[in-house]
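Observations on the model geometry
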Amino acid sequence: MSYLELSHVQKSFGPVKVVHDFNMSIEEGEFVSFLGPSGCGKTTVLRMIAGFENPTGGTIKIGGVDQANLKPNRRNIGMVFQAYALFPNMTVAENVAFGLKVAGASKPDIEARVKEMLDLIHLGHLAERYPYQMSGGQQQRVALARALANKPKVLLLDEPLSALDAKIRVSLREEIRAIQRKLGITTIFVTHDQEEALSISDRIVVMNAGIADQIGTPSDIYNRPATRFVAGFVGTLNILEAKVENRDAATVRVAGRSITIPPANLNGAGDGAAITVALRPEALSLSKSPSSDVALDGRVTSVNFLGSVIRTRMDVEGQQVSFDMFNNPGLQPPQIGDIATAHFKASDVLVIPN
Amino acid sequence: MAATQPLLNRRLITDWLGIAPFALFAIMFLIAPTVYLVSGAFLDPNGNLTLRNLVDLFQPNILAAYIISIKISAASAIGGAIIGFALAAAISLGSLPAWVRSAVLTFCGVASNFAGVPLAFAFLATLGRLGLVTIILRDVFGFNLYATGFNLLSFLGLTLTYMYFQIPLMVLIVTPALDGLKREWSEAASVLGATPWQYWRMVVIPILWPSVFGTLLLLFANAFGAVATAVALTGSSLNIVPIVLFAQIRGDVLHNPNLGYAVAFGMVVITGISNFIYIWLRMRAERWQK
Amino acid sequence: MIGKRFWSWLAVFVAAVYFIVPLLATMEFSMRMRRGTYSFDAYRSVFADQRFAETFSYSVVMALITIAIGALLIVPTAYWVRLRMPYLRPVVEFVTLLPLVVPAIVIIFGYLRLYNSSSWLPLTNTDMGANALLVFGFMTMSLPYMYRAVDTAMRTIDVAVLTEAAESLGARWPTILFRCIFPNVLTGVLSGAFITFAIAVGEYTMPSLLNRPAFGPYLALIGANKAYEPPALAMIAFAMTWVSIILINITTRLQKGAAGAR
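Presented here is an overview of the structure given in this document. Each chain has its residues counted from 1, following the order in which its sequence is written. Following the order in which they are written, the chains are lettered starting with A and the ligands numbered starting with 1. Predicted model: local features are reported for residues with pLDDT of at least 70 only, side-chain atom pairs are reported and counted for 80 or more only, and whole-chain, interface and lining totals are derived from all residues. Side-chain figures throughout are based on the complete set of non-hydrogen atoms in the structure, without hydrogens or water.

This next bit is on the overall build of chain C. Secondary structure elements are defined from DSSP: runs of H or I of at least 4 residues count as helices, runs of E of at least 2 residues count as strands, and each element is numbered from the N terminus. Within chain C, the regular secondary structure consists of 12 helices and zero strands. Secondary structure elements of chain C occur, N-terminal to C-terminal, as α-α-α-α-α-α-α-α-α-α-α-α. The C-alpha extent of chain C, read off along each of the three principal axes, is 75 × 70 × 30 Å. In chain C, buried positions account for 53% of the 262 residues. Intrachain contacts of chain C at a sequence separation of at least 6 include 75% that bridge at least 24 residues. Using a 1.4 Å probe, accessible areas were evaluated by the Shrake-Rupley method; residue-level cover was limited to the displayed protein chains. If you sum the accessible surface of chain C, you get close to 12,500 Å²; carbon and sulfur atoms cover 68% of it. Residues scored as positive are Lys and Arg, those scored as negative are Asp and Glu, and His as well as the terminal groups of each chain are ignored. Every charge is mapped onto a representative atom, which is NZ of Lys, CZ of Arg, CG of Asp or CD of Glu. Within chain C, one finds 20 positive and 12 negative side-chain charges whose respective centroids are separated by 6 Å. In this scheme, a residue with accessible area under 20% of its type's maximum is buried, one over 50% is exposed, and one in between is partly exposed, where area comes from a 1.4 Å probe on protein chains only. The contact criterion used throughout is that any non-hydrogen atoms of two residues lie within 4.5 Å.

Shown next, in the form of C-alpha cells:
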C-alpha cells in the first residue's frame, strides 16, 4: 500500500472531461512531478488531492484514509500556489504562523516553529516585512515555509516557479528539492517546464489531455518516451518518417538509407509498416566518432548560437533535422548553405509507437 | 552661469504660465469662495475676530438641524453600506451568472446618478400618501402605513430615499475591492486548516475594512451635502442643515450673515473630515493592491 | 456551496425589489392622470409645457458650454502638469478633489457673497454674468470626475514621448496639443463630459440660488404645483440617466479597446 493512492480518478466540468481515469501510487517521501501543457488536467488532479475539487469518480487515499468526505481544511496538506497567495495584511512571520494559529497552537510553540521555518528558508531577517515589500522569489519561499509549518502529510506545489525570473527559478527549485529531501515530505510538483521536472523529480507523470501518458523516472521519460506526445514534449526531438524493411533483421528505411536498430525498439511493427522514429538533437554530431554508424547528408538551413551549444538545422531529403554541438571557439561553426554530414548511432534511434 | 540663469527663469515662467488659467479658475471659483466663507465664520459683522458664530451653532434649532442631518446621513450611509456590501459580495463572490453581475453594475451606475429632484418625485409616487406602495398596503393588505406615524418627510422616509443612491454608490466602489480578493487566498487559508469564518476574520476583514469604512464615510459626506432631494421632498418642512443653509442664502433667516457662514463652515468641516479619512483609507487599501 | 448561491440570489432579489418598485410606482403614478384608466396624458402635458422645452434647452446649452470650457481648461492643464511640472501633481490633484469636500451649496454661497452686486466683480448683476457663474459652478462640481478621466487617459499614452516625437517632427505646441494630445485623450474627455452633462442638467441648488431658468428648478416648481407631471418627469430623467450611462459605458469600452490595441 502506497502512501498516496489515486485510483480511477476522474473529473468532468459539465460535459467537459478534464481528467480521464487517473491512476498513481506515490511512496512516502517521494518527489513526483506532474508535467504537461496547460489544460492537460495536471492542476485539476492536484486540486482534487487538496480537496478544492471533488472527483467525479475514483478514490484518493492518503496514508490509507479515503479523502472523499474531508474538506480541504481537514486534510492537513501543504500547498504553494503560482501567484504566491501570501496574505497581504500579514507580515512574513504572521503568514507562516497562520496555520499554527488556526490549529490553536500555543504562543511559544508558534514562535519556535516560525523561527525554525524562517531559518529553513534563510529569511529569518525579514520576519517583520510585508509581502508587498519583498521580491517574488522571497515571497514564494515564505509561501513554502507557510505550507510546511503545520507538518503536512503531503506538499503540493502548483507551478510555484512559473512567475519568477529564470535565474531565481533554478536556484529556488534546487532549494525546494533540498528542503524536501531534508524533511522527507511526500511532494507533488506541477509544472509545464520539462527541464524543471527532469532536474528535481524522483518520478515524473507526463500528462496530455486528461490522461497520464507515461509515469517513470526522469531518465525513463527522456530516453524511452512511451508516446509520441511524451517524446515531443520532453526535450526537442527530430521526428522522421520511416518504414520497416525487415522485421527480423530490424532494419528500417530512414531518409533514403537503411539502418539497423536494436530489435526491441521495433515494438513488433511488421514488414512494410510506416513508423515514426525520433532522434534527440544531442545524439547527432558533425564529427564521426568510433561508435557512430549512420551518416545523414544535408544542407544547413539555420545556425543558432545558444551559448554553450550551437543548434544547427539541416534539410535531409525534405525532412528537417536539428542537432546540437558544443561551442568550441577554435572551430568554425557550419554556415547556412553548407553541405554537412550528421553522424549518429543506430541504437540511439527511438521508435515512437503510433 | 550668467548666460544660463535667465534661460532657466524663462522656462520657469512658461511653466507657470501653462497652468495659470487653471490656477486662476481654481482660486476664483473654488478656493476663494470657500476661504471667504470659512474666514467669515470667524468674524463678527464688524469684521472683528470672534468665535461667537461657532458657539452660536450650538443654539437649539441649528444644533437640532445638525443632529438630524448627521443622523440621516449616518443611517443612510450605514444602511447603504451594509446592503451595498451584501449586494457587492453577492455579485462578486456568490458564483452568480455573469449577466446578473453586469446587470447589477450597470443599474448601479444609473441609480447612483439618479438623485436630486427626480428621485424625490419617484419616492413620493411610491411611499407618498397616494403612492403605489401605500395604496397597495392599504387596499390589499389592509395596512395603513401613515396611521403608524410613518411620513416620507421624516427621518425614516429621507433615509429610505437616500439609500436609493447610497446603495449603488457602495456597490460601485466596493465591488472592485471584493474582486481584488484572490481565490488563492481563500484556498491557501482552507488548506492551512482555517474555517471560512476564520478566513474572513483573519484575512478578508483586515484587507477590506479600509475600503468599506472609507466608502462609508464617503456615503456619509455624500448624504450630508445632498440638498436637492431634501428640498424637493420636504419643501422646507424638515430642519436639516442643507435646508437651513438654503433658506439662509435665500433670505438670511438667521438674521446674521456670519452665522450663515458658520453653518457652511460646519458643513465643510463634517464633509471634509469624512472625505479626508476616506482618501487616506483608500491610499492605505491600495498599498496591498499591486 | 448551495447556501452561498442561495444567499447571493436573495441579496440580489431584495435589492431588485427595492430598486424596481419605486420605478414601477413612479410609472404607475405618472399614468394615472386620466381618471379610471391609464394614459400618457401626464407626458403629453409635460411636453406641451413650453417651459419644459425652454428650461431643458437652457440647461443643455449650459452643460455643453461647461463641457467645452472644462475640456479646454483641464486637458492642457493635465498635459502641462504631467509634462513640465510633475512636482505639482499632488497639489493639482488635491485641488481637483476639493469639490468633493466642499458641498455645492457652500460653493454657490461663496459665489453669491464674492460676486454679488456690491462686490468688485458684480457678476450676478447681469444675465450673462450669472450664466457665467453657473457654468463655473458646474465646472467646479464636475472637476473631480473630469480631471480624473482625462488624467487616466493621459496615463495610458506616454505624453512625454508623444510630445518629443511631435517636436522632433517639427510640430509647434498648438499642433501638439490639438493634433496629438486631444485626439488621444478624447475618450477620457468624453466620459468626463457625460458625467458633467448628467450633473449639469439635473442640478437644482446652483441654478435655483442664482435664479437661472434651468431644468432643476423647473422640476422643483412642477413638483410643488402639479400632481401627475412630476412622476412623468422623474421617468424622463431616469431614462436620460440611462442613456448617459450607456454612452459612458460605450466610450470606456472604446477606451479599453484602444488601450488594448496599443
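Take the overall build of chain B next. Within chain B one finds 12 helices and zero strands. All radius of gyration figures rest on C-alpha atoms, and the globule criterion is 2.2 Å times the number of residues raised to 0.38. Relative to its length of 290 residues, chain B is extended, with a C-alpha radius of gyration of 24 Å against a globular reference of 19 Å. The buried share of chain B, taken over its 290 residues, is 53%. For chain B, contacts bridging at least 24 residues in sequence account for 73% of all contacts bridging at least 6. As displayed, chain B offers around 12,600 Å² of accessible surface, 70% of which is attributable to carbon and sulfur atoms. Side-chain charges in chain B split into 15 positive and 9 negative, and the spacing between the mean points of these groups amounts to 5 Å.

With that out of the way, let us pick up the interface of chain A and chain B. The interface of chain A with chain B comprises 25 residues on the first partner and 20 residues on the second. Take the accessible area each of two parts loses on contact, using a 1.4 Å probe, and add the two losses: that sum is the buried area. When chain A packs against chain B, the two sides together hide about 2,200 Å² of surface, and 67% of this comes from carbon and sulfur. The rule for a salt bridge is simple: a side-chain nitrogen of Lys or Arg has to be within 4 Å of a carboxyl oxygen of Asp or Glu. Across the contact surface, chain A and chain B share one salt bridge. Each polar contact in these results corresponds to two N or O atoms within 3.5 Å; when the atoms are within protein, one needs to be able to donate a hydrogen and the other to accept it, and residues that are neighboring in sequence are counted only if both atoms are side-chain atoms. Between chain A and chain B we count five residue pairs in polar contact (both at pLDDT 80 or more) in total. Elements supplying a minimum of two residues to the side of chain A that touches chain B: helix H1 (42-50), strand E6 (77-80), helix H2 (92-102) and helix H4 (136-149) of chain A. Among the elements that make up the side of chain A that touches chain B, the one with the highest residue count is H2(A) (four residues). Tallied by class, the residues present in the side of chain A that touches chain B amount to 17 nonpolar, five polar and three charged. Side-chain classes are defined by residue name, with Ala, Val, Leu, Ile, Met, Phe, Trp, Tyr, Cys and Pro counting as nonpolar, Asp, Glu, Lys and Arg as charged, and the others, Gly among them, as polar.

Residues and elements named next belong to chain B. Patches here are clusters of residues that have more than 30% relative accessible area and form no salt bridge, with a 9 Å joining cutoff for like charges and a 5 Å cutoff for nonpolar side chains (Val, Leu, Ile, Met, Phe, Trp, Tyr). A grouping of Trp197, Ile205, Trp209, Phe213, Val269, Ile273, Ile277, Trp280 and Met283 is seen on the molecular surface, where their side chains present a nonpolar patch of about 910 Å² in accessible area. Element by element, the count of residues in the nonpolar patch is highest for helix H12 (residues 257-286), at five residues. Among the structural elements, Phe213 can be located in helix H9 (residues 196-225). For Phe213, a relative accessible area of 38% corresponds to the partly exposed category.

Another aspect to go through is the sheet that holds strand E18 (residues 339-344) of chain A. Residue and element names in this part refer to chain A. Sheet architecture is open: four strands sit in the order E17-E16-E15-E18, paired in antiparallel fashion. At either end of the open sheet lies a strand with only one pairing partner, and these are strand E17 (319-326) and E18. In this sheet, neighbouring strand axes are inclined to one another by 50° on average, regardless of whether the strands run parallel or antiparallel. In terms of strand pairing, strand E15 (residues 294-305) meets strand E16 (residues 309-316) through six bridges, oriented antiparallel. Of the residues in E16, the one forming a bridge with Val303 is Thr312. Should DSSP find at least two bridges between two strands, the strands are taken to pair. Axis definition: a line fitted to C-alpha atoms, limited for helices to the stretch in contact. Angles are taken between N-to-C directions and run from 0 to 180 degrees.

Before going further, it helps to examine the sheet that holds strand E13 (residues 257-260) of chain A. Working definition: the strands of a sheet are paired by backbone hydrogen bonds and lie parallel or antiparallel to each other. All names here are of chain A. With antiparallel pairing, five strands are arranged side by side in an open sheet as E13-E12-E11-E14-E19. Two strands bound the open sheet, and with one partner strand each, they are E13 and strand E19 (350-352). On average, each strand axis in the sheet is tilted by 45° relative to the strand beside it, whichever way the strands run. In this sheet, strand E14 (residues 274-279) lies alongside strand E11 (residues 238-246) in antiparallel orientation, the contact comprising six bridges. For Ala242, the partnering residue across the bridge sits in E14 and is Ile275.

Below, the discussion takes up the packing of helix H5 (residues 116-127) of chain B against helix H6 (residues 132-139) of chain B. Between two packed helices, what matters for the description is the angle formed by their axes and the separation of those axes. All names here are of chain B. With their axes 3 Å apart at the nearest point, H5 and H6 run at an angle of 10° to one another. With respect to H6, the element H5 is oriented roughly parallel. Counting all contacts with H5, which are made through Ala125, Thr126 and Leu127, the residues of H6 involved are Leu132, Val133 and Thr134. Looking at side-chain class alone, the contact of H5 with H6 contains four nonpolar, two polar and no charged residues. Note that the term roughly parallel is reserved for angles under 35 degrees, roughly antiparallel for angles over 145, roughly perpendicular for angles of 65 to 115, and oblique for everything else.

Residues and elements named next belong to chain A. Phi at Asn76 is positive, roughly 50°, even though this residue is not glycine. Judged by its relative accessible area of 29%, Asn76 falls in the partly exposed class. Positive phi values are uncommon outside glycine, yet Ala209 reaches one of about 50°. Within the secondary structure, Ala209 is located in the loop between strand E9 (203-208) and strand E10 (211-216).

Taken by themselves, the reported measurements are silent on function.
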